[in-house]
There are 2 protein chains.
Amino acid sequence: MVRGKIRSLSVRDVRFPTSREQHGSDAMHTDPDYSAAYVIIETDTADGLKGYGLTFTLGKGTEVVVCAIDALSTHVVGRDLKEIVSNFRGFYRQLTSDGQLRWIGPEKGVIHLATSAVLNAVWDLWAKQEGKPLWKLLVDMDPKQLVSCIDFRYITDALTEDEAYEILKNGKQGQKKREEQMLKQGYPAYTTSCAWLGYTDEHLSELCTKALKEGWTRFKVKVGADLSDDIRRCKLIREIIGPNNLMMLDANQRWDVQEAIEWVTKLAAFQPLWIEEPTSPDDILGHATISRALASLGIGVATGEQCHNKVMFKQFLQAKALQYLQIDSCRLGSVNENLSVMLMAKKFEIPVCPHAGGVGLCELVQHLILFDYICVSGSLENRMCEYVDHLHEHFKYPVVIKNAAYAVPQEPGYSTEMKEESVRQYQFPSGQVWKELNSEQQGKLG
Amino acid sequence: MVRGKIRSLSVRDVRFPTSREQHGSDAMHTDPDYSAAYVIIETDTADGLKGYGLTFTLGKGTEVVVCAIDALSTHVVGRDLKEIVSNFRGFYRQLTSDGQLRWIGPEKGVIHLATSAVLNAVWDLWAKQEGKPLWKLLVDMDPKQLVSCIDFRYITDALTEDEAYEILKNGKQGQKKREEQMLKQGYPAYTTSCAWLGYTDEHLSELCTKALKEGWTRFKVKVGADLSDDIRRCKLIREIIGPNNLMMLDANQRWDVQEAIEWVTKLAAFQPLWIEEPTSPDDILGHATISRALASLGIGVATGEQCHNKVMFKQFLQAKALQYLQIDSCRLGSVNENLSVMLMAKKFEIPVCPHAGGVGLCELVQHLILFDYICVSGSLENRMCEYVDHLHEHFKYPVVIKNAAYAVPQEPGYSTEMKEESVRQYQFPSGQVWKELNSEQQGKLG
């Protein structure tokens, strides 16, 4: 059972030099060093359990998020864990509504990424104390308690507490069967590993061919930098994967509204299921315009990885501005805020297809989408979870993919814990890896 | 003429202990310590001119913004100032679209506040080198050059570069006359100093009565914590100021959408001109709903001080979600982004009524609203600039209010420079003021 007082919160800046091989490259993020602000909380209990939490970053700026986590830690250290989870809504509100800190948000950007990392650690610890993987902690929870974790401020015009409760109560029907199904077959995934923007056609062909052999049937392609490149790459991939497999496009916010419509129309021949992040992540009305324009081509709009909070998601749903909703485990305020978004998606009948990849995003979000299927949506139609084959080796309990599906995690916790050796090696700038890169660079310059 | 290479960028964390007297208290920010992340840039020229820039914060979290400014400084130090201002759009894009840093925004929250502080310093330096106050630098600028300072990414569906140019070209008509008018009578202001939420009725009555004697005719009242308090306070103020003066309400994001409509309806008897920030600053569609509901009561919706970028303002305009647009000199990306918002407001025929107060916001934004009147809107109808009587004594060129209007600033620059002595005294945590407060507190605890 949940126990102990939080004695300390520490945070590390962990960066992987992924930019060297163009992993993760897209039309807007050309040289990401996949990174994380990594939180560890410890209690005064003798069980030795620690909570690990993280938020994903792209290298530079991780130190800013670390600084924000330090600022939030005053709300966490000294608190009783039981007290936190028995009024989780109140604790969430406290973190997000600090009278001084909220000015630098509110609930967006750096401070919200920090909130996410801190709360992810709390959820990890809670699940570990209960001896359950996070998805199972959620699945076993009473609808009343689930609802009590959600701060409904600013979303009651779309979803009231009573409506949320009703959805969760109804979700109990058939829950057992869906849980067994998941344990047997896992949650369906798609791969983004084959077609990063920085890859050559040859590399791309190789990876697609290999992925097909491994059983993948859904493929995401990065687009948006150059139209003729996009046409060539989409054609190539459609030829390799054939007419029946799924192809999704991702522009990573490269276009203005009209430009998005024109560009994607020229790629319609390759029958993409969706266009992801066609324009600014803040442009709800722009996404609605694009959705309307592409509907007749059978192409949906997907977005969410940079949608900064539930108020934005609420409007995306109200405005019919997306047809696939991509939650993110580390940009929204952890499980609490993701619960509210999954419930709104259910009410608006929009499928949730989580964003993953980065550092640890697959590890975390698999828990959320399992809960979504078992207790909220009850459907796999038009649903799948992103998978990227990067950096899993640094996690203590890495995701397991079988037959292009996420195998259900069994270990207690939120799968957030990284290997201590990895954290030590990749800590920025003092870790061995960065020391070596630094002296290498000095050598080149000198 | 513009000259020199930027040799250094330094930043200080300056905090004023305003929470001790409930100055600045509202329904969501109950204990703000008005603060600033304060940037100083120096060049390699012999003229000794420095650029000062700031962004406003509420105490805690200022160190996070300082950290973000440090992260941005690599894009600034070593750059030629002429090169920057001759492609200001490009420089703006570079700061806001760094492939790694944009993940922790993009263009919102901490990293955008940091961008604002840095660019405010660049504009201050540029104006000083030209020997003009910033408003005059802008007024004298060719429309082509003004437009070249704006990054139109993500707003072309609302305002194209050609349209912006046309507006500015048309704005040249009568410009001379409006400039002379401003020099003579100043820009109309309203006061927020009389009715902070933490003030007693007695204090509030005293301040209103005094302000009336000083010539103020427009008063803002903080509301949203308790309805019966609000009714009592609004009644009191309306009695003091009489039926012909203006009263505006400000809820600082306290309500959900439906709650806002119901609450404000109950205050309609006191004939407020607008309700400011009725709900989440991110809730464009919510503001639109509130706008529609209150229109028949003759109450408009005002918002903007926490509207995080031009993409959000674009949608507020497209959705008819505000009737008074409140730009902020330190939350938007400095002059560059504010230009784009003022031009969009002109196109959508919505009056700009800037947010001010805090630390230095009055000093900065007076330049923008002067430019707006002289070169963009050409109208004073339904327009006024917020004024709060706080902390001006710490600025080298503080605002001057005459007859409830901003007197036009004459000194070269953006009025951003603080007194060196103030910065030294209030630097956090090492300044004398904070050392004393700290030992005082230690004494109380001990």
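Residues numbered from 1 in each chain as written. Chains lettered and ligands numbered in written order. Predicted model: local features only at pLDDT ≥ 70, side-chain atom pairs only at ≥ 80, totals over all residues. Heavy atoms only, no water.

Student: What is the right way to look at the overall build of chain A in this model?
Tutor: A tally of helices and strands in chain A yields 17 helices and 12 strands. A compact globule built from 446 residues would reach a C-alpha radius of gyration of about 22 Å, and chain A, at 21 Å, matches this within 12%. By principal-axis analysis of the C-alpha atoms, chain A measures approximately 65 × 60 × 45 Å. Across the 446 residues that make up chain A, the buried fraction comes to 65%. Carbon and sulfur atoms form 49% of the exposed surface of chain A, whose accessible area is close to 15,100 Å². (Helix = DSSP H or I, 4+ residues; strand = E, 2+ residues; numbered from the N terminus. Rg over C-alpha atoms; globule rule 2.2 N^0.38 Å. Buried < 20%, exposed > 50% of the residue type's maximum accessible area, 1.4 Å probe, protein only. Areas by Shrake-Rupley, 256 points an atom, 1.4 Å probe, with all protein chains shown as cover.)

Student: I'm lost on the interface of chain A and chain B in this one. Help?
Tutor: Frequently, the measure chosen for interface size is the accessible area removed from exposure when the parts meet. Taken together, the contacts link 61 residues of chain A with 61 residues of chain B. Counting the surface lost from both chain A and chain B, the interface buries some 5,200 Å², and carbon and sulfur atoms represent 55% of this. Its largest share of buried area at the contact with chain B, chain A owes to Lys60, Gln100 and Trp103 of chain A, together 18% of the area lost on that side. Applying the counting rule to chain A against chain B returns six salt bridges. The residue Asp98 of chain A makes a salt bridge to Lys60 of chain B at a minimum N-O spacing of 2.5 Å. Where chain A touches chain B, the interface holds 40 residue pairs in polar contact (both at pLDDT 80 or more). Every element with two or more residues in the side of chain A that touches chain B is listed here: β3 (50-57), α1 (62-72), α4 (109-130), α12 (284-295) and α13 (310-318) of chain A. Ranked by residues supplied to the side of chain A that touches chain B, first place goes to α1 of chain A with six residues. A class-by-class count of the residues in the side of chain A that touches chain B yields 26 nonpolar, 19 polar and 16 charged. (Contact = heavy atoms within 4.5 Å. Buried area = accessible area lost by both parts, 1.4 Å probe. Salt bridge = Lys/Arg side-chain N within 4 Å of Asp/Glu carboxyl O. Polar contact = N/O pair within 3.5 Å; in protein donor to acceptor, adjacent residues only side chain to side chain. Nonpolar A, V, L, I, M, F, W, Y, C, P; charged D, E, K, R; others polar.)

Student: Mind showing me how you'd approach the sheet that holds strand β2 (residues 35-43) of chain A here?
Tutor: Hydrogen bonds between backbone groups are what pair the strands of a sheet, and the pairing can be parallel or antiparallel. Residues and elements named next belong to chain A. Ordered in space as β1-β2-β3, the three strands form an open sheet in which the pairing is antiparallel. At either end of the open sheet lies a strand with only one pairing partner, and these are β1 (6-15) and β3. Sheet twist, expressed as the mean angle between neighbouring strand axes with direction ignored, is 15 degrees. Those strands touched by α1 are β1, β2 and β3, and its axis lies near 175 degrees from that of β1. (Pairing = 2+ DSSP bridges. Axes fitted to C-alpha atoms, helices over the stretch in contact; angles between N-to-C directions.)

Student: So what exactly am I meant to see when it comes to the sheet that holds strand β3 (residues 50-57) of chain B here?
Tutor: All names here are of chain B. With antiparallel pairing, the three strands of this open sheet are ordered in space as β1-β2-β3. The sheet terminates laterally at β1 (6-15) and β3, the two strands that pair on one side only. Mean inter-strand twist for the sheet, computed between neighbouring axes without regard to direction, equals 15 degrees. Sheet topology note: the β1/strand β2 (residues 35-43) ladder contains nine bridges and is antiparallel. Looking at β2, one finds that Val14 is bridged to Ala36. Set on the sheet, helix α1 (residues 62-72) makes contact with β1, β2 and β3; between it and β1 the angle comes to about 175 degrees.

Student: For this particular structure, what's the right way to read the environment of Tyr165 of chain B?
Tutor: Residues and elements named next belong to chain B. Examined against the element boundaries, Tyr165 turns out to sit in helix α7 (residues 161-170). Assessed through its relative accessible area of 22%, Tyr165 is described here as partly exposed. Sequence separation of Tyr165 and Ser148 is 17 residues, and the distance between their C-alpha atoms is 9.6 Å. Beyond its immediate stretch of four places on either side in the chain, Tyr165 contacts Pro143, Lys144 and Val147.

Student: How do you make sense of the packing of helix α14 (residues 334-347) of chain A against helix α15 (residues 361-377) of chain A when you look at a structure like this?
Tutor: Any two packed helices are characterised by how steeply their axes cross, that is the angle between the axes, and by the distance between the axes. All names here are of chain A. At a closest axis distance of 11 Å, the pairing of α14 and α15 adopts a crossing angle of 45 degrees. Here α14 is positioned oblique relative to α15, judged by the angle of their axes. α14 and α15 meet at a crossing whose hand is right-handed. In this structure, α14 uses Val335, Asn338, Leu339, Met342, Leu343 and Lys346 to contact α15, whose residues at the interface are Leu368, Phe371, Asp372, Val376 and Ser377. (Parallel < 35°, antiparallel > 145°, perpendicular 65-115°, else oblique. Left-handed = near helix turned anticlockwise from the far one by under 90°.)

Student: How should the confidence of the model for chain A be read in this particular structure?
Tutor: Any region with low pLDDT has predicted coordinates that should not be read closely. Per-residue confidence for chain A gives a mean pLDDT of 96; residues scoring 70 or more make up 99%. The ipTM, which scores confidence in the relative placement of chains, is 0.97 for this predicted complex, and the corresponding pTM is 0.98. (pLDDT = per-residue confidence, 0-100.)

Student: Would you explain the side chain of Gln306 of chain A in this entry?
Tutor: If you trace the backbone, Gln306 of chain A turns up in the loop between β8 (300-303) and α13. Residue classification places Gln306 of chain A among the buried residues on the basis of a relative accessible area of 1%. Beyond its immediate sequence surroundings of up to four residues, Gln306 of chain A is in contact with His29, Gln253, Glu277, Pro281 and Arg331 of chain A together with Arg102, Trp103 and Pro106 of chain B.

Student: Could you clarify how one ought to interpret the pattern of salt bridges in this entry?
Tutor: Charged atoms that come close allow side chains of opposite charge to pair. Residues and elements named next belong to chain A. Under the definition given, this model contains 64 salt bridges over all chains. Here Glu420 ties to Arg12 by a salt bridge, and the two come within 3.7 Å at their closest N and O atoms. One end of the pair, Glu420, is in helix α16 (residues 420-426); the other, Arg12, is in strand β1, with 408 residues separating them in the sequence. A residue is classified by how much of its surface remains accessible, and Glu420, at 41% relative accessible area, is partly exposed. Residues participating in the shared-partner salt-bridge network are Lys220, Lys222, Asp250, Glu276 and Glu386.

Student: Any chance you could explain the relation of the copies chain A and chain B here in plain terms?
Tutor: Both copies of the chain are related by one operation, a rotation about an axis with a shift along it. The transformation that overlays chain A on chain B combines an axial shift of 0.0 Å with a rotation of 180 degrees, and the residual RMSD is 0.0 Å. The operation mapping one copy onto its partner corresponds to a two-fold rotation axis. Measuring from the rotation axis to each C-alpha of chain A, the shortest distance belongs to Gly109 of chain A, at 2.6 Å. Counting the interface residues of chain A, we find that 100% of their copies in chain B are interface residues as well, pointing to one common contact surface. (Least-squares fit on C-alpha atoms with pLDDT ≥ 70 in both.)

Student: So what exactly am I meant to see when it comes to the environment of Thr96 of chain B here?
Tutor: All names here are of chain B. Tracing the chain through its elements places Thr96 in helix α3 (residues 88-96). Residues Thr96 and Gly333, spaced 237 residues apart in sequence, show a C-alpha to C-alpha distance of 8.7 Å. Here the side chain of Thr96 touches Tyr92 through a polar contact of 2.9 Å, landing on its backbone oxygen.

Student: Whenever I open this one, the UniProt feature "domain: Mandelate racemase/muconate lactonizing enzyme C-terminal" (unreviewed entry) in chain A confuses me. Can you help?
Tutor: UniProt marks residues 201-297 of chain A with the feature "domain: Mandelate racemase/muconate lactonizing enzyme C-terminal" (unreviewed entry), using the numbering shown here. For residues 201-297 of chain A, the end-to-end C-alpha separation is 27 Å, with 51% helix and 13% strand making up the annotated structure. (UniProt positions renumbered as here; feature names shortened; annotations may be inferred.)

Student: When you look at helix α12 (residues 284-295) of chain B in this model, what are you seeing that I'm missing?
Tutor: Helical geometry: 3.6 residues make up each α-helical turn, so side chains three or four residues apart lie on a common side. Over its 12 residues, α12 of chain B extends 16 Å from the first C-alpha to the last, a length consistent with the 16 Å expected when each residue adds 1.5 Å. Against the buried residues of α12 of chain B lie α12 and α13 of chain A together with α11 (257-265), β7 (274-276), β8 (300-303) and α13 (310-318) of chain B. (Expected span 1.5 Å × (residues − 1).)

Student: Mind showing me how you'd approach empty space enclosed by the protein here?
Tutor: Over the atoms, a rolling probe the size of a water molecule traces out where space has been left empty. Residues and elements named next belong to chain A. In total, this model carries 10 cavities of 30 Å³ or more according to the counting rule given. As a volume, the largest cavity reaches approximately 160 Å³. Forming the boundary of the largest cavity are 21 residues, of which Tyr34, Trp196, Lys222, Glu305 and His355 lie nearest the centre. Of the residues contributing to the lining of the largest cavity, the split by class is eight nonpolar, six polar and seven charged. Taken as a whole, the second largest cavity encloses approximately 140 Å³ of empty space. Residues belonging to the lining of the second largest cavity are distributed by class as follows: seven nonpolar, seven polar and five charged. (1 Å grid on protein atoms, 1.4 Å probe; cavity = no way out; pocket = protein on both sides within 12 Å on 5 of 7 lines; lining within 4 Å. Points joined across faces, edges and corners; volume = space filled by probe spheres on them.)

Student: Hey, could you run me through helix α3 (residues 88-96) of chain A in this one?
Tutor: Residues and elements named next belong to chain A. Those residues of α3 that sit buried are Phe88, Phe91, Tyr92, Leu95 and Thr96. When α3 is viewed along its axis, its buried side chains cluster within an angular range of 125 degrees and face the same direction. Those residues of α3 that are buried lie in contact with α1, α2 (81-86), α4, α6 (143-148), α13 and α14. (Arc of directions from axis to C-beta.)

Student: I would appreciate a short explanation of the side chain of His367 of chain A in the present structure.
Tutor: Residues and elements named next belong to chain A. Examined against the element boundaries, His367 turns out to sit in helix α15. Among the polar contacts listed, one links the side chain of His367 to the backbone nitrogen of Trp135, at a separation of 3.2 Å. There is a polar contact of 2.8 Å between the side chain of His367 and the side chain of Ser415. Excluding residues within four positions of it along the chain, His367 makes contact with Pro133, Leu134, Trp135, Pro409, Gly413, Tyr414 and Ser415.

Student: Quick question: what am I supposed to make of unusual backbone geometry here?
Tutor: Residue and element names in this part refer to chain A. Residue Pro429 is reached from Phe428 by a cis peptide bond, and omega for that bond is -5 degrees. Mapped onto the fold, Pro429 is located in the loop between α16 and α17 (432-445). Of note, Lys320 is a non-glycine position whose phi angle comes to about 50 degrees, a positive value. For Lys320, the position within the fold is in the loop between α13 and β9 (324-325).

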